[in-house]
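Structure at a glance
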Amino acid sequence: MGGSYLASAPTINPAYEPSQAIITPRSRRLGNVALGQIDFEASKRSTFTFTGGYGNLHFLDPGFLDSNYWKVSSGYNYELSRTDTLAATYTRTEFQFASIDRSIVNQVASVAYGHRITGRLALQVSGGPMISQIDQAGSSETRYLVDTFNSLRYRLDKGFLQVSFEHFGSNGSGVLPGAETNLARFTAGRRLSRKSFASFDVSYATNRAIARKFDAGFSPKFRTWGSHVNLSRQITERVSIYFVYYLQYQTSDRPLCFNQGCEESLTRNVFGIGLNWHGRPIRLD
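Scope of this entry: the structure provided in the associated data block. (Residues numbered from 1 in each chain as written. Predicted model: local features only at pLDDT ≥ 70, side-chain atom pairs only at ≥ 80, totals over all residues. Heavy atoms only, no water.)

Looking at the overall build of the protein chain
Along the backbone of the protein chain there are 1 helix and 13 strands. Moving toward the C terminus, one meets the helices and strands of the protein chain in the order α-β-β-β-β-β-β-β-β-β-β-β-β-β. A compact globule built from 285 residues should have a C-alpha radius of gyration of about 19 Å, and the protein chain, at 20 Å, falls within 12% of that. The principal-axis extents of the C-alpha atoms in the protein chain amount to approximately 50 × 40 × 35 Å. When burial is assessed residue by residue, the protein chain has 41% of its 285 residues classed as buried. Partitioning the intrachain contacts of the protein chain with sequence separation of at least 6 by distance along the chain shows that 52% fall at a separation of at least 24. If you sum the accessible surface of the protein chain, you get close to 15,800 Å²; carbon and sulfur atoms cover 57% of it. Mean positive and mean negative side-chain charge positions of the protein chain (31 and 22 charges, respectively) differ by 9 Å. (Helix = DSSP H or I, 4+ residues; strand = E, 2+ residues; numbered from the N terminus. Rg over C-alpha atoms; globule rule 2.2 N^0.38 Å. Buried < 20%, exposed > 50% of the residue type's maximum accessible area, 1.4 Å probe, protein only. Contact = heavy atoms within 4.5 Å. Areas by Shrake-Rupley, 256 points an atom, 1.4 Å probe, with all protein chains shown as cover. Lys, Arg positive; Asp, Glu negative; His and termini not counted. Charge placed at Lys NZ, Arg CZ, Asp CG, Glu CD.)

With respect to unusual backbone geometry
Here Asp 101, not a glycine, exhibits a phi torsion of approximately 55 degrees, which is positive. With respect to the helices and strands, Asp 101 occurs in the loop between strand E4 (84–97) and strand E5 (102–116). For Asp 101, a relative accessible area of 52% corresponds to the exposed category. In this structure, Ala 137 takes a positive phi of about 50 degrees despite not being glycine. Residue placement: Ala 137 occurs in the loop between strand E6 (121–136) and strand E7 (139–155). With relative accessibility at 65%, the residue Ala 137 sits in the exposed group.

Description of empty space enclosed by the protein
Within the structure shown, the criterion is met by 2 cavities of 30 Å³ or more. Of the voids in this model, the second largest cavity is the one considered here, and its volume is about 50 Å³. Considering the residues around the second largest cavity, the lining is formed by 12 residues, among which Ala 15, Glu 17, Phe 95, Gly 169 and Ser 170 are closest to the centre. At the level of secondary structure, the elements contributing two or more residues to the lining of the second largest cavity comprise strand E3 (67–79) and strand E8 (159–170). Element by element, the count of residues in the lining of the second largest cavity is highest for E8, at 3 residues. (1 Å grid on protein atoms, 1.4 Å probe; cavity = no way out; pocket = protein on both sides within 12 Å on 5 of 7 lines; lining within 4 Å. Points joined across faces, edges and corners; volume = space filled by probe spheres on them.)

Here we look at the pattern of salt bridges
All told, the structure shown has 5 salt bridges when counted by the stated rule. With a closest N to O distance of 3.0 Å, Asp 61 and Arg 28 form a salt bridge. Pair noted here: Asp 61 is in the loop between strand E2 (46–59) and E3 and Arg 28 is in the loop between helix H1 (3–6) and strand E1 (29–41), with a separation of 33 residues, a long-range link. A salt bridge links Asp 201 to Arg 185, with the shortest nitrogen-to-oxygen separation between them at 3.9 Å. With Asp 201 in strand E10 (residues 196–209) and Arg 185 in strand E9 (residues 179–191), this residue pair connects regions lying 16 residues apart in the sequence. Taking relative accessible area as the criterion, Arg 185 reaches 21% and is therefore assigned partly exposed. (Salt bridge = Lys/Arg side-chain N within 4 Å of Asp/Glu carboxyl O.)

Considering the pairing of E6
With 13 bridges joining them, E5 and E6 adopt antiparallel strand pairing. Across the sheet, Ile 104 pairs through a bridge with Ile 134, a residue of E6. Connecting the antiparallel pair E5 and E6 is a turn made up of 4 residues. Hairpin connection from E6 to E7: 2 residues lie between these consecutive antiparallel strands, with Ala 137 at a positive phi of about 50 degrees. (Pairing = 2+ DSSP bridges.)

Quick word on the packing of aromatic side chains
To describe a pair of aromatic rings, one takes the distance between the centres and the angle between the planes. Evaluation of the coordinates by the stated rule reveals 7 aromatic pairs. Between the aromatic rings of Phe 48 and Tyr 76, the centroid separation amounts to 4.9 Å while the plane-to-plane angle is 50 degrees, which identifies the pairing as tilted. One end of the pair, Phe 48, is in strand E2; the other, Tyr 76, is in strand E3, and 28 residues separate them in sequence. Assessed through its relative accessible area of 34%, Phe 48 is described here as partly exposed. Pairing Tyr 245 with Phe 271 gives two aromatic rings, centres 4.9 Å apart and planes at 35 degrees, and the pair type is tilted. With Tyr 245 in strand E12 (residues 239–258) and Phe 271 in strand E13 (residues 261–277), this pair connects stretches of sequence that are 26 residues apart. A residue is classified by how much of its surface remains accessible, and Phe 271, at 60% relative accessible area, is exposed. (Phe/Tyr/Trp six-rings, centres within 6.5 Å; stacked < 30°, edge-to-face > 60°.)

Honestly, it's all geometry; don't read function into it.
Right, here's the structure in full:
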């Protein structure tokens with residue numbers, strides 16, 4: 001799958017992906033995700049949303065942590081006015097790490113508020129408590145955190161500018177058995193022609209183990225700078241092609257050791273090309 005790793009368009013919310021944000025030495029892996037969403041329009045101003053998904057991250061080389069996860073979410077959205085929206089959401093995510101007999105259940109109840117400041121400038125803020133229950137080999141730990149997503153978006157004549165920050169729980173990218181992730185990002189996009197579009201972003205992320213009790217002896221903090229360029233072109237009404245280049249640089253507060261040796265800093269370069277196809281809408285009523 002593409003998502004933020006190959007930066008395909010449209011992308012998937014990073015909180016729903018099998019995270020690969022922590023850079024590792026060269027390794028082969030398979031990342032899969034299946035998502036479904038149902039929206040029910042209760043009135044002209046209100047909508048109920050239900051989302052479910054399953055994902056996994058499996059490494060073909062030794063020395064990494066395979067993970068599987070389920071995520072379900074339900075929410076209610078209400079349009080207060082032409083410029084203001086309000087939403088309430090409950091999300092439950094369960095991560096499984098079979099090799100170390102660990103499971104993590106994250107439960108989040110959040111409230112989101114959206115406001116169109118001007119015709120071009122829009123603000124979204126959201127947040128709520130996250131309860132993380134970590135179970136391993138008959139022992140358990142509970143942590144209380146904050147889950148949040150905030151963004152400020154400015155619409156240009158032929159594009160947009162956006163800054164965002166989010167904090168959420170992830171699978172740990174095969175390096176950590178569950179992670180607490182912060183992600184700040186600046187994104188710019190512009191339409192080059194009627195059929196071509198380009199986007200660029202710069203991001204900074206931190207990842208550290210979410211279980212302090214079990215991982216007190218091994219809890220490095222990873223700091224990652226990233227940047228990507230994405231070029232896409234519409235081929236037909238429903239088919240588009242894209243090319244992407246993605247660069248990441250990562251440091252950690254202690255050496256990260258794998259079969260290839262120990263490293264305190266790593267760099268990742270990704271080149272990708274892909275095809276997006278959109279089918280015709282199917283009405284169910």
